Amino acid sequence: MPARPRLLIVWHSRTGASAAMARAAAEGAGDAAWLVAAHDTAPDMLLAADGYIFCGPENLGAMSGQMKEMFDRAYYPLLGRIEGRAYATLIAAGSDGEGAQRQIDRIVTGWRLRRVADPVIVNLFAQSPEAIAAAKEVPAEELAKCRDIGAALAEGLRLGLF
């Protein structure tokens, strides 16, 4: 019997939205989930995983600094070592989330990762300084999408589809 797949869910959150989304994805992935904060994620963890979900907020039109720093630490040590592995993204945004999405996609293109699910971008419409800094609550239907992504990636890994 093959070992259970490891779906590494790398996340960062300041206001709770991305954390809730990452937990929902982990719930969906079940025993395949490996939930690790971006600041704790090391290159050897990414190497040991079979697939990835990158979950974070969009800050000032880009991915958060913690997520970027994780990619900065891991990029060169993993270059040429994780090609073809599956990934998906979950973005919590105050508006469209497209900047963070594009930035992650561009970075993982260098690793030759394979997107296996459409991005989930949750627009929380936070535009004022107070709304941006406030704790966020992600609507249940959006958390359900995150659970579905986690379940789909875990099952795809189990079945050897990616």
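Here the structure is a predicted model, which means the values were calculated and not measured. (Residues numbered from 1 in each chain as written. Predicted model: local features only at pLDDT ≥ 70, side-chain atom pairs only at ≥ 80, totals over all residues. Heavy atoms only, no water.)

1. Quick notes on helix 4 (residues 98-111)
For step 1, the next point in the chain: With 14 residues, helix 4 should cover 20 Å at 1.5 Å per step; its first-to-last C-alpha distance of 20 Å lies within 8% of that length.
For step 2, the next point in the chain: Elements that come into contact with the buried residues of helix 4 comprise strand 3 (51-59), strand 4 (62-63), helix 3 (65-78), strand 5 (86-93), strand 6 (114-115) and strand 7 (120-123).
For step 3, the next point in the chain: Downstream of helix 4 by one or two residues, Arg112 has phi in the positive range, about 65°. (Helix = DSSP H or I, 4+ residues; strand = E, 2+ residues; numbered from the N terminus. Expected span 1.5 Å × (residues − 1). Contact = heavy atoms within 4.5 Å.)

2. Quick notes on the side chain of Ser18
For step 1, the next point in the chain: Within the secondary structure, Ser18 sits in helix 1 (residues 17-29).
For step 2, the next point in the chain: On the accessibility criterion, Ser18 (1% relative accessible area) is buried.
For step 3, the next point in the chain: Those residues within four positions of Ser18 in sequence are excluded, and the remaining contacts are His12, Ser13, Cys55, Gly56, Pro57 and Ala92. (Buried < 20%, exposed > 50% of the residue type's maximum accessible area, 1.4 Å probe, protein only.)

3. Focus on unusual backbone geometry
For step 1, the next point in the chain: In this structure, Leu60 is a non-glycine residue whose phi angle is positive, near 55°.
For step 2, the next point in the chain: Within the secondary structure, Leu60 is located in the loop between strand 3 and strand 4.
For step 3, the next point in the chain: One non-glycine residue, Arg112, lies in the positive phi region at around 65°.

4. Topic: the packing of aromatic side chains
For step 1, the next point in the chain: Throughout the structure, instances matching the rule amount to 6 aromatic pairs.
For step 2, the next point in the chain: For the ring pair Tyr52 and Phe54, a centre distance of 5.7 Å and an interplane angle of 15° mean the geometry is stacked.
For step 3, the next point in the chain: The class of Phe54 is buried, set by a relative accessible area of 0%.
For step 4, the next point in the chain: Ring centres of Phe54 and Phe71 lie 5.1 Å apart, and the angle between their planes is 55°; on these two criteria the pair is classed as tilted. Placement of Phe54 in strand 3 and of Phe71 in helix 3 is noted, with a sequence separation of 17 residues between them. As far as burial versus exposure is concerned, Phe54 and Phe71 are alike and both buried.
For step 5, the next point in the chain: Ring pairing ties together the aromatic residues Tyr52, Phe54, Phe71, Tyr75, Tyr76, Tyr87 and Trp111, which thus form one cluster.
For step 6, the next point in the chain: Just above the ring of Trp34 sits the side chain of Arg6; from NZ or CZ to the centre is 3.6 Å. (Phe/Tyr/Trp six-rings, centres within 6.5 Å; stacked < 30°, edge-to-face > 60°. Lys NZ or Arg CZ within 6 Å of the ring centre and 35° of its normal.)

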